[in-house]
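Fold and contact review
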Amino acid sequence: MLAHLRAVPWRLDQSAFKAWRQGLTGYPLVDAGMRQLWSMGWCHNRVRVVASHFLVKHLLLPWQWGLKHLWDCQIDADLECDALGWQYVSGCLSDAHPFSYMVDLEQEWKRFDPDGHYVRRWLPVLSQLPTQYINQPWKAPPEVLEEAGGAAAAGVTGEFVRRHST
C-alpha cells in the first residue's frame, strides 16, 4: 500500500454505500448517474468518474466496494480497466492524483449538465425545479421546492451526505 493511504480514515458504512448504489446520496449528478447505470447497465465515463470519486473522496468508502458494484451493473465491464480506474481515482497508483485531490462537483455539473436535462431524466422528483437549482436543490428556497411539487423538498436534498460524511 502506498504510504500516504495508510492514514485514510476509510469508513465501512453500509448505509452510505447503499445510498450511493441506489442513487440516494442527495447530489443530483451522482444520483442520476447511479440510477442510469442501474437502469441501463451503462453511463457516460465522466459520470462514472464523478460517482466513483464521490464514493471514495466524499463518503470515504473503499474503492473495492465501488468496483464490485459497477462490475455487477455494467454491460461494458472490463476488470482490468475498471480496477485501474478505481485505483487511479482513489490515489492508489503512483501516477494518480494524490488522495487529497477533489473533483469539483459544481464544476462537473456545470460542464456536463448545465441545463439539467440529464438530472431531470434520471431524477424525476427534481424535474420541476428551475434550472438554477436542479443540481443544488438544497439551495432552493422552500417556496420554490413547494412549487416544484413538494416532492423535491422531501426527496433529494443532500442531507444524507451531510449527515454521514463527518
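Attention here is on the structure that accompanies the text. What you are looking at is a predicted structure, and each value in this text was computed from that prediction instead of being measured.

Conventions used here
- Residues numbered from 1 in each chain as written.
- Predicted model: local features only at pLDDT ≥ 70, side-chain atom pairs only at ≥ 80, totals over all residues.
- Heavy atoms only, no water.
- Helix = DSSP H or I, 4+ residues; strand = E, 2+ residues; numbered from the N terminus.
- Buried < 20%, exposed > 50% of the residue type's maximum accessible area, 1.4 Å probe, protein only.
- Arc of directions from axis to C-beta.
- Patch = residues over 30% accessible without salt bridge, like charges linked within 9 Å, V, L, I, M, F, W, Y side chains within 5 Å.
- Areas by Shrake-Rupley, 256 points an atom, 1.4 Å probe, with all protein chains shown as cover.
- Salt bridge = Lys/Arg side-chain N within 4 Å of Asp/Glu carboxyl O.
- Core = buried A, V, L, I, M, F, W, Y, C linked by side-chain atoms within 4.5 Å.
- Contact = heavy atoms within 4.5 Å.
- Axes fitted to C-alpha atoms, helices over the stretch in contact; angles between N-to-C directions.
- Left-handed = near helix turned anticlockwise from the far one by under 90°.
- Nonpolar A, V, L, I, M, F, W, Y, C, P; charged D, E, K, R; others polar.

A look at unusual backbone geometry
- Backbone geometry at Leu60 places phi at a positive 55°, although glycine is not the residue there.
- Structurally, the position occupied by Leu60 is in the loop between helix H3 (45-58) and helix H4 (63-73).

Quick word on helix H1 (residues 14-21)
- Along H1, the residues classified as buried are Ala16, Phe17, Ala19 and Trp20. Looking down the long axis of H1, one finds its buried residues gathered within 160° of arc, a one-sided arrangement.
- At the C-terminal side of H1, Gly23 shows a positive phi close to 70°.

Some thoughts on a nonpolar patch on the surface
- On the surface, Met40, Trp42 and Ile75 cluster together into a nonpolar patch covering about 330 Å² of accessible area.
- Mapped onto the elements of the fold, Trp42 is located in the loop between helix H2 (28-40) and H3.
- You can call Trp42 partly exposed: its relative accessible area is 36%.

Here we look at the nonpolar core
- Core analysis: the biggest nonpolar cluster contains 42 residues, and Trp20, Val30 and Trp86 have the highest contact counts within it.
- Top element by residues in this core is H3. It accounts for six residues.
- Sequence-distant contacts of Val30, defined by excluding residues within four places in its chain, comprise Trp20, Thr25, Val50, Ala51 and Phe54.

Overview of the packing of H1 against H4
- Packing of H1 against H4 leaves a shortest axis separation of 12 Å and a crossing angle of 35°. The crossing of H1 and H4 is right-handed. For the pair H1 and H4, the contacting residues are Gln14, Phe17, Trp20 and Arg21 in the first and Trp65, Gly66, His69 and Leu70 in the second.
- Here the residues of the contact of H1 with H4 are counted per class, giving four nonpolar, three polar and one charged.

Notes on the environment of Leu105
- Among the structural elements, Leu105 can be located in helix H6 (residues 105-112).
- The buried category is assigned to Leu105, whose relative accessible area is 16%.
- Sequence separation between Leu105 and Val50 is 55 residues, and the spatial gap between their C-alpha atoms is 7.5 Å.
- Residues in contact with Leu105, not counting those within four places in the same chain, are Tyr27, Val50, Phe54 and His58.

A closer look at the pattern of salt bridges
- Taken as a whole and judged by the stated rule, the model has six salt bridges.
- For the salt bridge of Arg11 with Asp13, the shortest nitrogen-to-oxygen distance reads 2.8 Å.
- One salt bridge in this structure joins Lys68 and Asp72, with 2.6 Å as the shortest N-O distance. Residue Lys68 and its partner Asp72 are both found in helix H4; the two are separated by four residues, about one turn of the helix.
- Salt bridges sharing partners connect three or more residues here, namely Arg46, Glu108 and Arg111.

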